[in-house]
Amino acid sequence: MNKGLNIIINIVLLAVVVLLAMQVIKSIQAPIKFNKAQSEREAQVIQRLIDIRNAEVHYKNVNGKYTASFDTLIGFCQTAEIPIVNIIPDPTDTTFTRTITDTLGYVKVVDSIRGSKRDQFNINDICFVPFSNPTTKFELEASMIKRSGIDVPVFEARTPYEVYLNGLDEQRILNAKAEKESINRYAGLKVGSMEEASTDGNWEKL
């Protein structure tokens, strides 16, 4: 009778040990899995923010300001053209300081942003946040700020953690958000600034 009871106790203890071991493994793997998923998602979000930045810079070069409208920005990219310029040294300049600018042709802004290795690129998608609800857009602002008495154009495009990390561990998202807010940093990804004349992304300032 005691022998049978010992066997049952041993089986129960073994099950408990296995369960605890699984919990330990899970607790170790959980942050690794979360960080991997976060990095993969952020790579795509960053690429889209870079596309928005490139589009805004081209828009400002033509219009002297940025735009807070994705419809305006996308329409501009689809129709506006930028020159393809070849810059060579002036052969008549013995000081080797002057150059000659030769316009070889023009390319649409959308093709300039797309580049040569992004066949799936669609300019109409740059407003949407990857991995979020299909209709969720980046927050986009544009304005003018005063610097040394001069009006300077600024823009900012951003999206918070909870939008593009949607579906991942909610507690870890809250922890990541709290960590950034504790040091007065934006809890998410953004490019540009409404407070300074910068087109940097916050991932570039880490």
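From a predicted model like this one, the values you see are computed outputs, not experimental measurements. (Residues numbered from 1 in each chain as written. Predicted model: local features only at pLDDT ≥ 70, side-chain atom pairs only at ≥ 80, totals over all residues. Heavy atoms only, no water.)

A.B. asks: Explain the nonpolar core to me, and be specific about the residues and the numbers.
C.D. replies: In globular proteins that are soluble, nonpolar side chains generally tend to be buried together. Ranked by size, the top nonpolar core spans 38 residues in total, and within it Leu 49, Ile 52, Cys 77 and Ile 123 carry the most contacts. For this core, the elements supplying multiple residues, two or more each, are α1 (2–63), α2 (70–79), α3 (109–114), β4 (150–160), α4 (161–164), α5 (170–182) and β5 (188–192). Considering every element that reaches this core, the biggest residue donor is α1, with eight residues. Excluding residues within four positions of it along the chain, Ile 52 makes contact with Phe 70, Leu 73, Ile 126, Phe 138, Leu 140 and Ala 157. (Core = buried A, V, L, I, M, F, W, Y, C linked by side-chain atoms within 4.5 Å. Buried < 20%, exposed > 50% of the residue type's maximum accessible area, 1.4 Å probe, protein only. Helix = DSSP H or I, 4+ residues; strand = E, 2+ residues; numbered from the N terminus. Contact = heavy atoms within 4.5 Å.)

A.B. asks: Help me get a handle on the layout of surface pockets, residues and values and all.
C.D. replies: In this structure, the largest pocket occupies an estimated 470 Å³ of space. Along the walls of the largest pocket sit 24 residues, with Arg 185, Tyr 186, Lys 190, Asn 202 and Trp 203 positioned nearest its centre. Elements supplying a minimum of two residues to the lining of the largest pocket: α1 and β5. At five residues, the largest contribution of residues to the lining of the largest pocket is made by β5. Among the residues forming the lining of the largest pocket, the class breakdown is eight nonpolar, seven polar and nine charged. (1 Å grid on protein atoms, 1.4 Å probe; cavity = no way out; pocket = protein on both sides within 12 Å on 5 of 7 lines; lining within 4 Å. Points joined across faces, edges and corners; volume = space filled by probe spheres on them. Nonpolar A, V, L, I, M, F, W, Y, C, P; charged D, E, K, R; others polar.)

A.B. asks: Which residues make up the pairing of strand β3 (residues 139–147), and what values go with them?
C.D. replies: Two faces, one strand: in a regular strand the side chains alternate between the faces of the sheet. Two elements, β3 and β4, share nine bridges in a ladder whose sense is antiparallel. When the bridges of β4 are listed, Met 144 appears paired with Pro 153. Hairpin geometry of β3 and β4 is characterised by an intervening segment of two residues between the two adjacent antiparallel strands and by a positive phi of about 55° at Ser 148. (Pairing = 2+ DSSP bridges.)

A.B. asks: Describe the sheet that holds β3, with residues and values.
C.D. replies: Ordered in space as β3-β4-β5, the three strands form an open sheet in which the pairing is antiparallel. Two strands lie at the open edges of the sheet, namely β3 and β5, each paired on one side alone. For this sheet the average axis-to-axis angle between neighbouring strands, irrespective of direction, equals 25°. (Axes fitted to C-alpha atoms, helices over the stretch in contact; angles between N-to-C directions.)

A.B. asks: Any chance you could break down the packing of aromatic side chains for me, citing the residues and the numbers?
C.D. replies: Inspection of the entire model under this criterion finds three aromatic pairs. Relative to Phe 76, the ring of Tyr 59 has its centre 5.2 Å away and its plane inclined at 80°; by these criteria the two rings are edge-to-face. Separated by 17 residues along the polypeptide, Tyr 59 in helix α1 and Phe 76 in helix α2 bring together distant segments of the chain. Assessed through its relative accessible area of 10%, Tyr 59 is described here as buried. For Phe 76, a relative accessible area of 9% translates into the label buried. Their ring planes at 50° and their centres at 4.8 Å tell us that Tyr 66 and Phe 155 sit as a pair that is tilted. Placement of Tyr 66 in the loop between α1 and α2 and of Phe 155 in strand β4 is noted, with a sequence separation of 89 residues between them. Each member of the pair, Tyr 66 together with Phe 155, is buried. (Phe/Tyr/Trp six-rings, centres within 6.5 Å; stacked < 30°, edge-to-face > 60°.)

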